[in-house]
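Below, each chain spelled out in residue letters.
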Amino acid sequence: MICQKILGQKWHKFLSNFFSKPYDKPKFERSPWHYFGEQSTEDSVMPSFIVNDEGERQVLPQNTYLQNYIQNGIGSFGYLWFRPEVLQKYLQVPGYSVSFHMRNWGIASVPGDKGTIDVGINSQGLINAFAPDIADLPPSEQAYWASYSSLPSGEVCEEMFQTRMQQNPPHSPGVIDLMRNSCSRLNSVYEEKFSIDLFKDMEPNRQELCKLSIGPILNQYTEVTELAKILYGWVIETMQITPLRNAINALGGTVDNKLRQIKLLETTLIAKGLDKSEARSITAPLVGLNELRIGAAHIGSLELEPSFQLMGASSTPETPRAAWHLCVDSVERCLSTITATLET
């Protein structure tokens, strides 16, 4: 009798596990797959987020003050941690956008003026986002963010925290401003010294500019080569060949009509009085950028170390994000050095 009772209980448990009554409606927030917020969660339970080191989850309170987030232990000063893939939707889906105005911090926007989110990347490569901003989003958008919720690791993005919480913004110009200013200064020198415009009036499209401002988010070096292709098209391919040749002639140099932008810049520096090795050293980061660009078109393993050595590194940086920062800073330094040389 006892054995029959035990067997009956086990059989009932087996049937319950394999033939459970389905939900009346799908619970998308419990899905392990990311659905880019397209399914509605208006009538289901609001999604919850990991709010502390213990992995405790909470629904984000709405229409309240930051102090309540702090008192309830939700994040660090209201900031939560997310896996970096969360930004893919904002970089790929029409109507969404994300752009960094500092090197690691900026704003993500959803379509139709439904809200913006303060976002940044910390030293561990995780996204920090301001929880009260997320709480203001529609439930379906909150569910999307919740699907990428992560245990805290590392600090809250330093640029974001210092600016928003400490009112002490660090000096950390974003990639777009850095490149625009560098190209503008170099163009001004060509106008002043040679009465010519060096650059075509062209920039990457908005989506490409956003990608440049964010940098790698998937921890893959192929992201660096794809970004290098965009940056090369902006900084190098917009340089006009004829003005480069005219500047060399004006400096008394000899023009080789087979040369393209980078070699013409090197020839310009030689005509200005630098020796060949010094001129080549200055333009080396642009050569490295070109090699990364070419690598984006190749299938298989990439030989990245020679490119980064041309940019001043002894070896390949430890992370794709560090590699991208090296790429940006070395190109900016190269353009600034050419500008300073031609100004003298």
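Placed above this text is the structure.
In this report, we go over the structure that sits alongside the text. Predicted model, so just to flag it, every value in this text is computed and none were measured. (Residues numbered from 1 in each chain as written. Predicted model: local features only at pLDDT ≥ 70, side-chain atom pairs only at ≥ 80, totals over all residues. Heavy atoms only, no water.)

## Side note on the overall build of the protein
Part 1: Along the backbone of the protein there are 14 helices and 7 strands.
Part 2: Surface exposure of the protein reaches about 18100 Å², of which carbon and sulfur atoms provide 50%. (Helix = DSSP H or I, 4+ residues; strand = E, 2+ residues; numbered from the N terminus. Areas by Shrake-Rupley, 256 points an atom, 1.4 Å probe, with all protein chains shown as cover.)

## A short note on helix H12 (residues 276–295)
Part 1: For H12, spanning 20 residues, the distance from its first C-alpha to its last is 27 Å, which sits close to the expected 28 Å at 1.5 Å a residue.
Part 2: Along H12, the sharpest change in direction is near 50° and occurs at threonine 283; proline proline 285 comes one to four residues later.
Part 3: Where H12 is buried, its residues contact helix H9 (221–235), helix H11 (261–272), helix H13 (305–310) and helix H14 (320–343). (Expected span 1.5 Å × (residues − 1). Bend = angle between axes of the 7 residues up to and from the residue. Contact = heavy atoms within 4.5 Å.)

## Concerning the environment of tyrosine 65
Part 1: Tracing the backbone shows tyrosine 65 in the loop between strand E2 (57–59) and helix H2 (66–71).
Part 2: For tyrosine 65, a relative accessible area of 67% corresponds to the exposed category.
Part 3: Distance from tyrosine 65 to proline 132, taken between C-alpha atoms, is 8.3 Å for residues 67 residues apart in sequence. (Buried < 20%, exposed > 50% of the residue type's maximum accessible area, 1.4 Å probe, protein only.)

## Considering the packing of aromatic side chains
Part 1: Under the criterion given, the structure shown has 9 aromatic pairs.
Part 2: A ring pair is formed by phenylalanine 49 and phenylalanine 82, whose centres lie 6.2 Å apart and whose planes are at 80°; its orientation type is edge-to-face. Taken as a pair, phenylalanine 49 in strand E1 (residues 48–50) and phenylalanine 82 in strand E3 (residues 79–82) lie far apart in primary sequence, 33 residues in all.
Part 3: The class for phenylalanine 49 is buried, based on a relative accessible area of 0%.
Part 4: A ring pair is formed by tyrosine 90 and tryptophan 145, whose centres lie 5.8 Å apart and whose planes are at 55°; its orientation type is tilted. Of this pair, tyrosine 90 sits in helix H3 (residues 88–92) while tryptophan 145 is found in helix H5 (residues 139–146), placing the two residues 55 residues apart along the sequence.
Part 5: For tryptophan 145, a relative accessible area of 0% translates into the label buried.
Part 6: Following the ring pairs from residue to residue traces out a cluster consisting of Phe49, Phe82, Tyr90, Tyr96, Tyr144, Trp145 and Tyr148.
Part 7: Sitting over the ring of tyrosine 144, lysine 89 keeps its end group 4.4 Å from the ring centre.
Part 8: Here the guanidinium or amino end of arginine 293 rests over the ring plane of tyrosine 232, the centre of that ring lying 4.3 Å away. (Phe/Tyr/Trp six-rings, centres within 6.5 Å; stacked < 30°, edge-to-face > 60°. Lys NZ or Arg CZ within 6 Å of the ring centre and 35° of its normal.)

## Examining the packing of H11 against H14
Describing two packed helices takes the angle between their axes plus the distance from one axis to the other.
Part 1: The interhelical angle for the contact between H11 and H14, taken along N-to-C directions, is 30°, at an axis separation of 10 Å. One finds that H11 runs roughly parallel with respect to H14. Every pair of crossing elements has a handedness; the one defined by H11 and H14 is left-handed. Seen from H11, the contacting residues are Leu265, Thr268, Leu269 and Lys272; seen from H14, they are Ile338, Thr341 and Leu342. (Axes fitted to C-alpha atoms, helices over the stretch in contact; angles between N-to-C directions. Parallel < 35°, antiparallel > 145°, perpendicular 65-115°, else oblique. Left-handed = near helix turned anticlockwise from the far one by under 90°.)

## Topic: unusual backbone geometry
Note: most residues except glycine have negative phi, and most peptide bonds are trans.
Part 1: The phi torsion at asparagine 63 lies on the positive side, around 50°, for a residue other than glycine.
Part 2: Among the secondary structure elements, asparagine 63 is positioned in the loop between E2 and H2.
Part 3: By relative accessible area, which is 78% here, asparagine 63 ends up exposed.
Part 4: Non-glycine residue glutamine 167 carries a positive phi angle of around 50°.

## Focus: the layout of surface pockets
Part 1: Put simply, the largest pocket is a space of about 400 Å³.
Part 2: Lining the largest pocket are 21 residues, and of these Ile121, Asn122, Gln124, Gly125 and Arg321 sit closest to its centre.
Part 3: Looking at the lining of the largest pocket, the elements that each hand over two or more residues are helix H6 (158–164) and H14.
Part 4: With 4 residues, H14 is the single largest residue contributor to the lining of the largest pocket.
Part 5: Partitioning the lining of the largest pocket into residue classes produces 8 nonpolar, 8 polar and 5 charged.
Part 6: Within this model, the second largest pocket holds a volume of roughly 280 Å³. (1 Å grid on protein atoms, 1.4 Å probe; cavity = no way out; pocket = protein on both sides within 12 Å on 5 of 7 lines; lining within 4 Å. Points joined across faces, edges and corners; volume = space filled by probe spheres on them. Nonpolar A, V, L, I, M, F, W, Y, C, P; charged D, E, K, R; others polar.)

## Focus on the pattern of salt bridges
Part 1: Scanning the entire structure with this criterion turns up 8 salt bridges.
Part 2: Where arginine 164 meets aspartate 118, a salt bridge forms, and the shortest distance between an N and an O atom there is 3.0 Å. Of this pair, arginine 164 sits in helix H6 while aspartate 118 sits in strand E6 (residues 116–121), placing them 46 residues apart in sequence.
Part 3: What makes aspartate 118 buried here is its relative accessible area of 4%.
Part 4: A salt bridge links glutamate 266 to arginine 280, with the shortest nitrogen-to-oxygen separation between them at 3.4 Å. Here glutamate 266 is found in helix H11, whereas its partner arginine 280 is found in helix H12, with 14 residues between them in sequence.
Part 5: Here arginine 280 falls in the partly exposed class, since its relative accessible area comes to 40%. (Salt bridge = Lys/Arg side-chain N within 4 Å of Asp/Glu carboxyl O.)

## Notes on the side chain of serine 97
Part 1: Along the chain, serine 97 turns up in strand E4 (residues 97–100).
Part 2: The buried category is assigned to serine 97, whose relative accessible area is 16%.
Part 3: With residues near it in sequence (within four places) discarded, serine 97 still touches Tyr90, Ile107, Ala108, Ser109 and Arg206.

## As for H5
Part 1: H5 sits mainly inside the fold: 8 of its 8 residues count as buried.
Part 2: Taken together, the buried positions of H5 are Pro139, Ser140, Glu141, Gln142, Ala143, Tyr144, Trp145 and Ala146.

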